[in-house]
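# Results of the structural survey
Listed here are the chains, written in short residue letters.
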Amino acid sequence: MHIAVRAEEIREQFLQELEGLPHDAHQIKLLKDKYLGRKGLVADLFSTLKDVPVKDKPNAGKILNELRQSLSIKFESYIKTLDSNGENMNHGDLTLPEDPYLIGGIHPLTHTLNEINSIFIKLGFSTVYGPEVDTDFFNFEALNIPKHHPARDMQDTFYVKDGVVLRTHTSNTQIHTMLKNDPPIKIIAPGRVFRNEDISVRSYCLFHQVEGLYIDKNVSFADLKGVLSHFAREMFGQNVKTRFRPSYFPFTEPSAEMDMSCFFCDQKGCNICKYEGWLEILGCGMVDPEVFKSVDYNPENWSGYAFGMGIERIAMLKYGVKDIRLFYEGDTRFLGQFV
Amino acid sequence: MNTSLNWLKDYIEITQSPLELEKGLTALGLECIIQKQKYPFSNVVIGFVEEKKQHSNADKLSVCNVNIGNDEVVQIVCGAPNVRKGLKVPVIKVGGTLDFGAFKIKKTKLRSEDSHGMICSEKELGLGDSHDGIMELNTELPIGTDFISYLQTSNDVNFDFELTPNRGDCFSHIGVAREIAILEKSQISEREININESNINTKDLINVTIENEDACPRYATRIVRNVKVEPSPDWLVNRIQSIGLKSINNIVDLANYVMMDCGHPMHAFDLDKITGNKIIVRFPKQNEKMQLLDESEIELKEHHLLICDQEKPIALAGVMGGFDSGINENSTDILIECAYFDPKVVRKSAKSLDISTDASKRFERDTDIERIEFAINHLALLIEELAGGEITKGIIDVGIKSKIIPPISFSSRKCNRFLGINLKNNEIEEIFDLLNISYKKEDDIYLCVVPSYRNDLEREVDLFEEVARVFGYDNIPEEFSFTSNYNTFIKDEQLSFNKLRDISASNGFLEHYSNSLISEQLCQLFSKQPSIQLSNPLSQEMAYLRNSLIPGLLNAVSINERRQQSRFKLLEIGQIHKKVEAKETTSVESSAFGLVWYDNANPHWRQIPQFDIYQAKKDVFIILKKMGCKNLKVKETEALGFEYALEIKNKKIRIGIIGLISKKMLNQFNINNDVIIFDGDLQKLSSVSEKNIHRYKAISQFPIVTRDIALLVNLNISTGKLTSTIKQFGGDILTTVKLFDLYEGKELGHNKKSMGYSLKFQSNEQTLNDKIIDKTIQKIISALENEHGAIQR
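Owing to the predicted nature of the structure, the values given are computational and were not obtained by experimental measurement.

## So, the overall build of chain B
- Counting its regular elements, chain B contains 21 helices and 41 strands.
- At 42 Å, chain B has a C-alpha radius of gyration far larger than the 28 Å of a compact globule built from 793 residues.
- When the backbone C-alpha atoms are referred to their principal axes, chain B occupies close to 125 × 80 × 60 Å.
- Burial analysis of chain B (793 residues in total) assigns 52% to the buried set.
- Here the contacts in chain B between residues at least 6 apart in sequence split such that 69% fall between residues at least 24 apart.
- Total accessible area on chain B is roughly 39,200 Å²; 46% of this is exposed by carbon and sulfur atoms.
- Positive and negative charge centroids in chain B, built from 97 and 111 side chains respectively, lie 12 Å apart.

## Quick look at the overall build of chain A
- A tally of helices and strands in chain A yields 12 helices and 10 strands.
- Relative to a compact globule of 339 residues, whose C-alpha radius of gyration would be 20 Å, chain A shows 36 Å and is clearly more extended.
- Referenced to the eigenvectors of the C-alpha coordinate spread, the extents of chain A come out at roughly 105 × 50 × 45 Å.
- Relative to its full complement of 339 residues, chain A shows a buried share of 55%.
- Here the contacts in chain A between residues at least 6 apart in sequence split such that 66% fall between residues at least 24 apart.
- For chain A, the computed accessible surface area is about 15,100 Å², with 51% contributed by carbon and sulfur atoms.
- Here chain A holds 38 positive side-chain charges and 46 negative ones, and the gap between their average locations is 4 Å.

## Regarding the domain arrangement of chain B
Residue and element names in this part refer to chain B.
- Looking at the assigned domains, one finds that chain B contains domain 1 (2-35 + 157-184), domain 2 (42-154), domain 3 (197-399), domain 4 (408-475), domain 5 (496-690) and domain 6 (705-792).
- Computed from C-alpha atoms alone, the centre-to-centre distance between domain 1 and domain 4 is 22 Å.
- Contacts between the two partners involve 9 residues from domain 1 and, on the opposite side, 7 residues from domain 4.
- Around 770 Å² of area is buried between domain 1 and domain 4 when both sides are counted, 52% of it from carbon and sulfur atoms.
- When the buried surface of domain 1 facing domain 4 is broken down by residue, L28, R178 and I182 rank first, second and third, together holding 53% of it.
- Run the count over domain 1 and domain 4 and you get 2 salt bridges.
- For E179, the salt bridge is made with R469, and the minimal N-O distance between the two is 2.7 Å.
- Where domain 1 meets domain 4, there are 2 residue pairs in polar contact (both at pLDDT 80 or more).
- Looking at the side of domain 1 that touches domain 4, its residues break down into 4 nonpolar, 1 polar and 4 charged.

## Considering the domain arrangement of chain A
- Partitioning chain A into structural domains gives domain 1 (2-84) and domain 2 (113-338).
- Between the C-alpha centres of domain 1 of chain A and domain 2 of chain A the distance comes to 73 Å.

## As for the nonpolar core
- F120(A), L228(A), F410(B), L554(B), I661(B) and V675(B) are the most contacted members of the largest nonpolar core, which totals 125 residues.
- Counting residues per element, this core draws most heavily on helix α8 (residues 221-236) of chain A, at 9 residues.
- Beyond its immediate sequence surroundings of up to four residues, F410(B) is in contact with C415(B), I428(B), F432(B), D444(B), I445(B), Y446(B), C448(B), E460(B), L463(B), F464(B) and V467(B).
- Of all hydrophobic cores here, the second largest spans 57 residues; its members include I174(B), V229(B), M260(B) and I376(B).

## Description of the pattern of salt bridges
- By the definition in use, this model includes 58 salt bridges over all chains.
- Among the ionic pairs, R245(A) bridges to D259(A), the shortest N-O distance being 2.8 Å. Separated by 14 residues along the polypeptide, R245(A) in strand β7 (residues 242-249) and D259(A) in strand β8 (residues 252-261) bring together distant segments of the chain. Assigned by exposure class, R245(A) and D259(A) land together as buried.
- For R501(B), the salt bridge is made with E511(B), and the minimal N-O distance between the two is 2.5 Å. One end of the pair, R501(B), is in helix α14 (residues 496-506); the other, E511(B), is in strand β28 (residues 510-511), with 10 residues separating them in the sequence.
- When salt bridges with common partners are traced through the structure, they connect R167(B), D169(B), E179(B), R454(B), D456(B), E466(B) and R469(B) into a single cluster.

## Overview of a positive patch on the surface
- Taken together, R202(A), K274(A), R313(A) and K322(A) make up a surface patch of like positive charges.
- As for its position among the elements, K274(A) is in the loop between β8 and β9 (278-287).

## Things to note about the sheet that holds β7(A)
- The strand order across the open sheet formed by 7 strands is β1-β5-β6-β10-β9-β8-β7 (chain A), and the pairing between neighbours is mixed. Strands with a single pairing partner mark the edges of an open sheet, and in this sheet they are β1 (126-127) and β7 of chain A.
- In this structure, β9(A) lies alongside strand β10 (residues 303-310) of chain A, joined through 4 bridges in antiparallel fashion. In the sheet register, M286(A) faces β10(A), and the bridge partner there is Y305(A).
- Taken strand by strand, helix α13 (residues 460-471) of chain B contacts β7 and β8 of chain A, and its axis lies near 30 degrees from that of β8(A).

## Let's talk about the interface of chain B and chain A
- Each side of the interface is counted separately: chain B has 88 residues, and chain A has 104 residues.
- Interface area, chain B with chain A, both sides summed: about 8,100 Å², of which 57% is carbon and sulfur.
- One can count 8 salt bridges joining chain B with chain A.
- The partner of R245(A) in a salt bridge is E31(B), and the shortest N-O contact between them spans 3.6 Å.
- Remark: the boundary between chain B and chain A carries 39 residue pairs in polar contact (both at pLDDT 80 or more).
- Of all the elements, strand β32 (residues 567-579) of chain B adds the most residues to the side of chain B that touches chain A, at 6 residues.
- Class assignment of the residues belonging to the side of chain B that touches chain A gives a composition of 32 nonpolar, 27 polar and 29 charged.

Cut-offs applied
Residues numbered from 1 in each chain as written. Chains lettered and ligands numbered in written order. Predicted model: local features only at pLDDT ≥ 70, side-chain atom pairs only at ≥ 80, totals over all residues. Heavy atoms only, no water. Helix = DSSP H or I, 4+ residues; strand = E, 2+ residues; numbered from the N terminus. Rg over C-alpha atoms; globule rule 2.2 N^0.38 Å. Buried < 20%, exposed > 50% of the residue type's maximum accessible area, 1.4 Å probe, protein only. Contact = heavy atoms within 4.5 Å. Areas by Shrake-Rupley, 256 points an atom, 1.4 Å probe, with all protein chains shown as cover. Lys, Arg positive; Asp, Glu negative; His and termini not counted. Charge placed at Lys NZ, Arg CZ, Asp CG, Glu CD. Domains from an automatic or database assignment. Buried area = accessible area lost by both parts, 1.4 Å probe. Salt bridge = Lys/Arg side-chain N within 4 Å of Asp/Glu carboxyl O. Polar contact = N/O pair within 3.5 Å; in protein donor to acceptor, adjacent residues only side chain to side chain. Nonpolar A, V, L, I, M, F, W, Y, C, P; charged D, E, K, R; others polar. Core = buried A, V, L, I, M, F, W, Y, C linked by side-chain atoms within 4.5 Å. Patch = residues over 30% accessible without salt bridge, like charges linked within 9 Å, V, L, I, M, F, W, Y side chains within 5 Å. Pairing = 2+ DSSP bridges. Axes fitted to C-alpha atoms, helices over the stretch in contact; angles between N-to-C directions.

What follows is the structure in structure tokens.
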């Protein structure tokens with residue numbers, strides 16, 4: 001039982017010394033080394049274990065482990081009381097600045113796009129992508145915008161050569177998708193689009209769109225209204241009201257513009273909604289049978305809706321950005337606000 | 001398009017207020033706004049002159065007691081000769097302003113009589129030129145009413161329409177009136193035209209031939225002789241000016257008036273200038289030229305449809321008249337043209353010459369072929385009334401008189417299902433009636449015939465839209481269900497982009513979007529890939545599609561440096577384009593990602609080093625490993641525009657390069673400090689990441705043994721090579737290779753460096769004993785010596 005006695009002695013001695021220990025990092029280290037160090041008293045005692053008779057070994061081992069554990073716990077909790085008392089441990093001024101760091105973040109347009117995407121993805125829409133440079137067929141003809149049609153004036157187009165354009169909308173992705181897949185279709189197509197417009201506070205030579213397309217059996221205009229109103233509420237708040245106005249897009253019939261009640265002024269009238277109480281958010285409509293014909297779907301069997309919205313417009317509304325050019329400049333003081 | 005409310009009232013009795021009309025028409029799909037007039041005055045009310053007496057000190061002044069509302073009676077001194085008791089007049093109150101705030105009305109004394117405000121003339125209020133006297137208001141409005149409300153009720157109201165391309169029929173007052181009729185649930189009343197013709201036959205004066213009836217299905221003319229071209233009378237000037245046009249002379253004004261009234265463009269020729277008494281509608285002969293009304297000389301292309309006399313073109317059909325054939329003050333005999341042209345033909349002409357006229361806009365959107373006779377008679381009649389002369393007998397009317405409009409079959413059951421509504425047959429019929437759609441009912445199907453002015457209605461679905469808009473989009477309920485099972489839809493194409501964005505953002509990178517359109521010069525700085533040129537760029541600065549993300553990133557660096565931002569990291573993910581002639585679009589598009597490190601910050605108290613290639617490499621390794629690259633290798637490489645660069649490969653696939661941009665390139669962007677850039681290929685990265693399927697690897701139970709080795713090596717031996725030799729000969733048990741010391745000094749000898757490596761060994765099967773370790777170390781040392789001439793120190 002020699003080990004047990006010795007263990008108790010060490011414990012007593014340790015506790016006494018711990019009590020009288022000055023608040024000095026060096027002294028504390030010495031104490032720790034003396035008892036718990038690699039060549040400390042506890043380690044010494046462990047080394048005597050080999051002389052203990054085999055039958056007593058398990059018990060002796062247990063006693064020593066308990067000793068080491070209890071000393072460690074006492075020591076740690078003592079250190080903790082020092083810390084919580086806020087006593088100076090000679091560790092220097094901790095309020096000196098930390099190492100320099102940078103906070104990264106995704107672009108406000110990515111934020112907005114992701115928000116829009118996730119609302120539709122939750123409803124089971126898949127994201128698909130189409131090319132930025134495309135033929136006249138995919139960007140116009142197949143969407144029921146024939147050559148020499150006034151609807152072409154709605155979008156100022158960049159040309160690469162005759163019959164090849166920078167896409168003016170992500171609607172080209174509709175056609176690519178429908179030509180490759182049979183209905184039903186349920187997609188959103190985000191991407192960059194180009195317009196040959198002078199650069200100003202309100203317009204840029206490119207912007208980003210999310211286009212949606214749902215084709216199935218018996219899809220109705222009421223479904224279109226339902227899903228887009230749901231989107232507006234998810235995106236801008238449950239109190240948001242929507243209104244649909246007749247409009248014209250060659251690839252939808254009927255076509256509509258969706259307006260949303262102005263969430264800045266609660267329709268009381270403000271600068272943002274130009275005192276009209278409504279904000280124009282997106283264009284939409286039921287897929288025109290001509291579009292179905294160009295992708296070889298039978299309009300007698302299928303119907304569907306399509307919608308498209310500009311990411312920049314929504315981001316500008318949401319974040320109160322007044323100058324669209326800020327999005328493409330890369331000023332880190334701007335980008336750093338959206339981390 | 002600008003319309004006048006007073007003009008619309010010619011066609012329909014309007015009970016709704018301008019505000020209600022604005023809302024109602026917008027809800028019908030005719031987006032419009034009331035033109036808001038800005039008046040140059042403030043604080044003007046309707047006053048009532050209760051008493052007037054002569055000023056005791058001045059012959060020309062009167063002293064008036066004027067009631068300005070709320071029983072407030074003020075004394076005003078007035079100099080106008082027409083001021084008298086019992087008049088209602090506009091009064092500007094003390095504190096009001098004129099001339100957009102430039103002139104403020106104060107309480108004043110005129111020859112010792114107090115004057116509280118001013119009774120105003122038209123000119124003083126900025127409403128007209130009449131300064132003859134004060135305005136006399138003939139109105140029922142109560143005393144004290146804001147003068148602006150008086151102006152709005154008594155004056156015209158203008159609506160500005162932003163018409164969609166499908167509604168050419170609304171490009172006129174009659175068209176808008178028809179839509180108002182829907183709101184008012186009534187019908188428009190057509191104008192009545194009764195013409196007195198002379199005995200002279202029109203066909204004896206002119207002969208019309210259409211050479212291409214597809215391009216010009218109908219051409220009608222009338223002739224009015226012995227007219228007098230002179231300024232228009234007041235009513236016509238008012239009408240023309242009320243919609244923002246300029247009055248020219250009676251004939252031109254009337255042609256415009258009829259066009260704005262019924263939507264059909266009209267043209268008036270001087271009959272004397274038409275050679276050979278012939279009108280020929282044809283395409284140009286070779287090398288034919290003509291001078292347009294605006295004096296521009298154009299070379300005619302084969303698709304330009306022309307109106308010609310026997311010798312020469314006299315008008316570009318549907319777009320603009322010719323310079324020689326127009327009306328002037330001396331014209332006496334007038335030939336009126338009213339034709340129906342193919343919208344595509346007119347659009348092609350106008351587009352190719354970059355001209356857009358009131359006529360071409362209407363023809364492009366299609367006109368009403370059946371309105372021609374009415375329009376030409378209306379104009380002839382008005383010319384006779386205003387300019388005198390006589391209308392010759394008969395219209396020369398060549399071509400078809402109407403289009404064949406096949407009936408559209410319409411199923412109300414299908415309509416209800418398509419729109420998600422439940423209209424009864426009588427409700428649908430009521431909508432048809434409002435739209436002037438005639439119908440026959442056969443069983444469950446309506447056979448509908450649309451009026452000739454609605455060229456946009458051809459299919460059943462077009463009628464669904466009509467039903468929807470008359471019923472009101474807002475009255476359609478909201479529903480929301482998806483029929484098919486999710487599994488039948490296609491799945492997402494890409495998932496990794498957002499992961500890359502998030503990882504980079506967590507590592508301090510700010511995401512940037514740069515312009516895809518850059519200059520030719522920038523396309524050549526960092527890539528030898530041929531780039532795609534636009535045929536109609538905004539400017540030479542934006543004439544090409546980017547073939548690399550680097551120029552865009554450097555532009556952002558330049559902007560930030562100029563704006564004194566000293567330390568940042570940027571990320572961009574975007575599409576780049578390579579020109580490949582063999583492709584139909586000439587473009588091979590790929591996704592790229594770029595990273596930027598820029599650090600010009602002041603020293604930190606802990607001596608943290610500025611960003612350099614090693615820190616940048618660390619970031620790239622973290623990002624790529626998190627994206628699934630398990631086996632990254634770097635090698636020095638040459639790269640266009642870089643001072644030096646490393647290529648980064650994963651399993652032999654080159655993911656990208658990283659390096660320092662050369663000074664010469666930085667100068668191109670006016671950047672002063674070092675910039676490190678990583679230029680990566682996202683497709684290649686995705687191909688690596690997709691295969692990244694995890695399987696758990698057992699953790700070794702055996703201890704790690706650490707051994708340090710110190711080497712003396714020639715300076716030119718790269719660490720990368722040494723490390724890979726160590727790894728190769730260390731075998732499976734070598735788990736970690738760490739360079740912990742690197743030293744160059746004279747005492748080592750010429751061109752030598754000392755390198756300290758710490759190697760960790762561990763086995764999955766056994767505790768490694770000294771014998772195994774020593775043997776392995778020996779193998780490594782001798783390989784280093786043989787391959788790289790390294791000596792153990």
